[in-house]
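Fold and contact review
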Amino acid sequence: MTVLRKNLIDGEWLGEAGSRNINPSNTNDIVGEYASAGPEQAKQAIAAAKAAFPAWSRSGPLARHAVLKKTSDEIMARKDEIGRSLAREEGKTLAEGVGETIRAAQIFDFFAGETLRLSGEMVPSVRPGVGVEMTREGVGVVGIITPWNFPIAIPAWKVAPALAYGNTIVFKPAELVPESAWTIVDILHRAGLPKGVLNLVMGKGSVVGQAMLDNPDVNAISFTGSVSTGKRVAAASVEHMRKFQLEMGGKNPLVVLDDADLAVAVDCAVNGAYFSTGQRCTASSRLIVADGIHDRFVDAIKERLDKLVIGDALDAKTQIGPVVDQTQLKQDEDYIAIGRQEGAELAFGGDRLERGAPGFYLQPALFVGSTNAMRISREEIFGPVANVIRVKDYDEALAVANDTPFGLTSGICTTSLKHATHFKRNSEAGMVMVNLPTAGVDFHVPFGGRKGSSYGPREQGRYAMEFYTTVKTAYTFAG
Ligand code: ADP
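Cut-off values and rules
For every chain, the first residue of the written sequence is number 1, and numbering continues from 1 along that sequence. Owing to the predicted nature of the model, reporting of local features is limited to residues with pLDDT of at least 70; listing and counting of side-chain atom pairs is limited to 80 or more, with chain, interface and lining totals taken over all residues. Values reported for side chains reflect all heavy atoms of the structure, with hydrogen atoms and water molecules removed beforehand. The term nonpolar core refers to a set of buried residues drawn from Ala, Val, Leu, Ile, Met, Phe, Trp, Tyr and Cys, joined through side-chain atoms within 4.5 Å. In this scheme, a residue with accessible area under 20% of its type's maximum is buried, one over 50% is exposed, and one in between is partly exposed, where area comes from a 1.4 Å probe on protein chains only. Secondary structure elements are taken from DSSP: a helix is a run of H or I of four residues or more, a strand is a run of E of two residues or more, and numbering for both begins at the N terminus. Should any heavy atoms of two residues lie within 4.5 Å, those residues are considered in contact. A pocket here means an open set of points on a 1 Å grid, computed over the protein atoms alone, that has protein on both sides within 12 Å along at least five of seven lines. A cavity is instead a set of points where a 1.4 Å probe fits but cannot get out; residues with an atom within 4 Å of a point line either one. Grid points are joined across faces, edges and corners, and a volume is the space filled by probe spheres set on the points. Each residue receives one of three labels: charged for Asp, Glu, Lys and Arg, nonpolar for Ala, Val, Leu, Ile, Met, Phe, Trp, Tyr, Cys and Pro, and polar for the others, Gly being one of them. Side-chain rings of Phe, Tyr and Trp, where Trp is taken by its six-membered ring, are said to pair if the distance between their centres is within 6.5 Å; with planes under 30 degrees apart they count as stacked, over 60 as edge-to-face, and otherwise as tilted. Over a ring means this: the NZ of a Lys or the CZ of an Arg is within 6 Å of the ring centre and within 35 degrees of the ring normal. Any two strands with at least two DSSP-identified bridges between them are counted as paired. The nearness test applies per residue and asks whether one of its heavy atoms lies within 4 Å of the molecule or strand. Pairing of N or O atoms within 3.5 Å defines a polar contact, subject to two protein rules: one partner must be a possible hydrogen donor and the other a possible acceptor, and residues neighboring in sequence count only if both atoms are side-chain atoms. Per-residue accessibility takes into account occlusion by the displayed protein chains alone, with areas from the Shrake-Rupley method and a 1.4 Å probe. Being in a pocket or cavity means that more than half of the molecule's atoms lie within 2 Å of its grid points. To obtain each axis, a line is fitted to C-alpha atoms, and for helices this fit is confined to the stretch in contact; angles are then taken between N-to-C directions over 0 to 180 degrees. In this scheme, a helix's expected span is set at 1.5 Å multiplied by one less than its residue total. The arc under discussion is defined with respect to the helix axis, by the directions toward the C-beta atoms.

**Regarding the nonpolar core**
In this structure, Phe 108, Phe 111, Leu 163, Ile 169, Phe 171, Leu 188 and Leu 193 are the most contacted members of the largest nonpolar core, which totals 62 residues. Of all the elements, helix H5 (residues 153–164) adds the most residues to this core, at nine residues. Apart from residues lying up to four places away in sequence, Leu 193 is in contact with Trp 56, Val 67, Leu 163, Leu 188 and Leu 198. The next biggest cluster of nonpolar side chains, apart from the first, holds 30 residues, and it includes Ala 260, Ala 269, Tyr 274 and Val 289.

**Considerations on empty space enclosed by the protein**
For the structure shown, the criterion picks out three cavities of 30 Å³ or more. In this model, the largest cavity occupies a volume close to 100 Å³. Tallied by class, the residues present in the lining of the largest cavity amount to six nonpolar, six polar and three charged. One number sums up the size of the second largest cavity: a volume of about 40 Å³. Lining the second largest cavity are 14 residues, with Pro 253, Thr 404, Phe 406, Gly 407 and Thr 409 positioned closest to its centre. Elements supplying a minimum of two residues to the lining of the second largest cavity: strand S13 (252–256), helix H13 (394–402) and strand S18 (409–413). Taken together, the residues of the lining of the second largest cavity sort by class into five nonpolar, seven polar and two charged.

**Some points on the packing of aromatic side chains**
Geometry of an aromatic ring pair is reported as the spacing of the ring centres plus the angle between the planes. Evaluated as defined, the whole model comprises seven aromatic pairs. Seen from their ring centres, Phe 110 and Phe 111 are 5.0 Å apart, and the 80° between their planes marks the pair as edge-to-face. By relative accessible area, Phe 111 is classed as buried at 1%. The structure contains a cluster of three or more aromatic residues connected by ring pairs, namely Phe 110, Phe 111 and Tyr 165. The positively charged end of Arg 5 is found above the aromatic ring belonging to Trp 182, 3.8 Å away from the centroid. Just above the ring of Phe 150 sits the side chain of Lys 92; from NZ or CZ to the centre is 3.8 Å.

**Topic: the side chain of Gln 460**
Among the secondary structure elements, Gln 460 is positioned in the loop between strand S20 (454–455) and helix H15 (465–468). Dropping the residues within four chain positions of it, Gln 460 is found in contact with Arg 103, Ile 107, Phe 111, Trp 157, Val 441, Asp 442, Phe 443, Val 445, Pro 446 and Phe 447.

**Regarding the sheet that holds strand S5 (residues 26–35)**
Taken in spatial order, the three strands of this open sheet run S1-S5-S4, and their pairing is mixed. Two strands in the sheet have a free side with no partner beyond their single neighbour: strand S1 (4–5) and strand S4 (17–23). Alignment of S1 against S5, held across two bridges, turns out to be parallel. Looking at the pairing, Leu 4 lines up with Glu 33 of S5.

**Brief notes about the site of the ligand**
The environment of the ligand is formed by 17 residues, the closest being Thr 146, Glu 175, Gln 210, Ser 226 and Thr 229. A distance of 2.6 Å is found between an oxygen atom of the ligand and a side-chain nitrogen or oxygen belonging to Ser 226. Residue Thr 229 places a side-chain N or O atom 2.8 Å away from an oxygen atom belonging to the ligand. Out of a free accessible area of 550 Å², the ligand has 79% covered by protein chains. Judged by the proximity of its atoms to the pocket grid, the ligand belongs to the largest pocket. Contributing elements (two or more residues each) for the shell around the ligand: helix H7 (205–213), strand S11 (220–224) and helix H8 (227–239). Ranked by residue count, the leading element in the shell around the ligand is H7, at four residues. The class makeup of the residues in the shell around the ligand is six nonpolar, eight polar and three charged.

**Points about the sheet that holds S13**
Reading across from one edge, S15-S16-S17-S14-S13-S18-S19 is the order of the seven strands in this open sheet, with mixed pairing throughout. Among the strands making up the open sheet, the edge pair consists of strand S15 (345–348) and strand S19 (431–434). Each adjacent strand pair in this sheet contributes to an overall mean axis angle of 25°, direction not counted. The sheet contact formed by S13 and strand S14 (residues 284–290) spans five bridges and is parallel. Bridge pairing in S14 links Asn 252 to Ser 284. Here helix H11 (residues 326–341) sits on the sheet in contact with S15, strand S16 (365–368) and strand S17 (385–391), set at roughly 15° to S16. Helix-sheet contacts for helix H14 (residues 417–426) involve S13, S18 and S19, and the interaxial angle to S18 is about 170°.

**A word on helix H2 (residues 61–77)**
With 17 residues, H2 ought to run about 24 Å at 1.5 Å a step, and its terminal C-alpha atoms sit 24 Å apart, in line with that. Taken together, the buried positions of H2 are occupied by Arg 64, Val 67, Leu 68, Thr 71, Ser 72 and Ile 75. The buried side chains of H2 occupy one side of the element, clustering within an arc of 130° when seen end-on. For H2, exposure combined with an orientation more than 90 degrees from the buried face picks out Leu 62 and Ala 77. The secondary structure elements touched by the buried residues of H2 are helix H1 (39–57), helix H3 (79–90), helix H4 (94–115), H5 and helix H6 (178–190).

Structure (structure tokens):
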């Protein structure tokens, strides 16, 4: 028996059955049933958030601290149950699901602390007798639109700072992962948020998401998802003169130089390219490998891929779970076909796998002999697919790494301080990793990219304040 999960609008759980959520490890397993909001509910949610803003924005730090801290504590106490449910609905492994849940708890804890650390500045005016104060205030109603690949961490890293800095929220999670979204909203609601401060509108992006984009009462939108939807968010936001922040795709390079520690490089590549089924915007999809280590690196990766356990996300032995759904699986398989047509050599994997139950299982795929001009090197695949590009030296590696429309993360495996330092300075990415996978970031420091990957201020850590607040400069004449 599944319980119908409803939308939260103005403090009330509302809505009728709309959609079902399916476990990608076993499509016979229905995770739950969820109300599907339409444009009218989106409008009500926005109106409720607007009405709740004046009181919440003036509520003071203690009220916000209490809710965020309580939320963090409950998420942490229920990490195994929530992590399991996340793995069941998204298909990442149990360890990844629990790890992501812990991260969400840490994010709420961090922003609970931030409520008590809000500060401003005071300076003398250029005019004698006048003082100038610079303070930060909440922006207003924030629309939060999230993707399916981090069902709890991404909502957490948007919702927590939005609340901490005094904003009210209309939250629209991805259709594929409503359970994780509903769970954190339920926890926040029970933690004591006043009605209307946080509203949940589950439903279709083209309907409920679009209704948010088109509503002038939404003062800011934080979006993570595809480039095409990101552009719609941008266009609609410019139309309404609202603040917006976009996190979109990546085509992240991992450079492996001749002097790399081979074991470290293989760990970085396998983790970065294939863990979480390659469904991370920070995944290393281009492996840019110098001539002298190329063959040893490729052999070692193939050996590792052959040993990886691909299976049901809820099985504790599984290292790589299924692809999230049929549409994503088709996209992965299409790109594997495109890579072959373009002349890259499929050195490992790429086949569908049969497991006990019907699910979207795909063997991790590795291309060699690819160039940076191929579509598999330029377009985000978002699956367990990576390609090796052979280069002669560091200079060529850096040029290839930067030759991409994206700029989220980049990585280099080397034992040369000179090359590591040069790469950190010259890589055109928002986040650079040395002897670490391109994916896997801390929760207390800025997250974001350059070029086609991101737009607007950084997320996470103290830098999140840039987006979720607006600065006020006040002058006082005291004679
Ligand atoms: P993905 O390929 O990761 O599903 P999308 O950009 O399609 O990326 O989805 C990311 C989020 O954007 C989801 O919550 C989705 O429902 C939402 N979305 C999709 N289309 C629109 C739209 N037209 N307006 C607002 N949100 C949308």
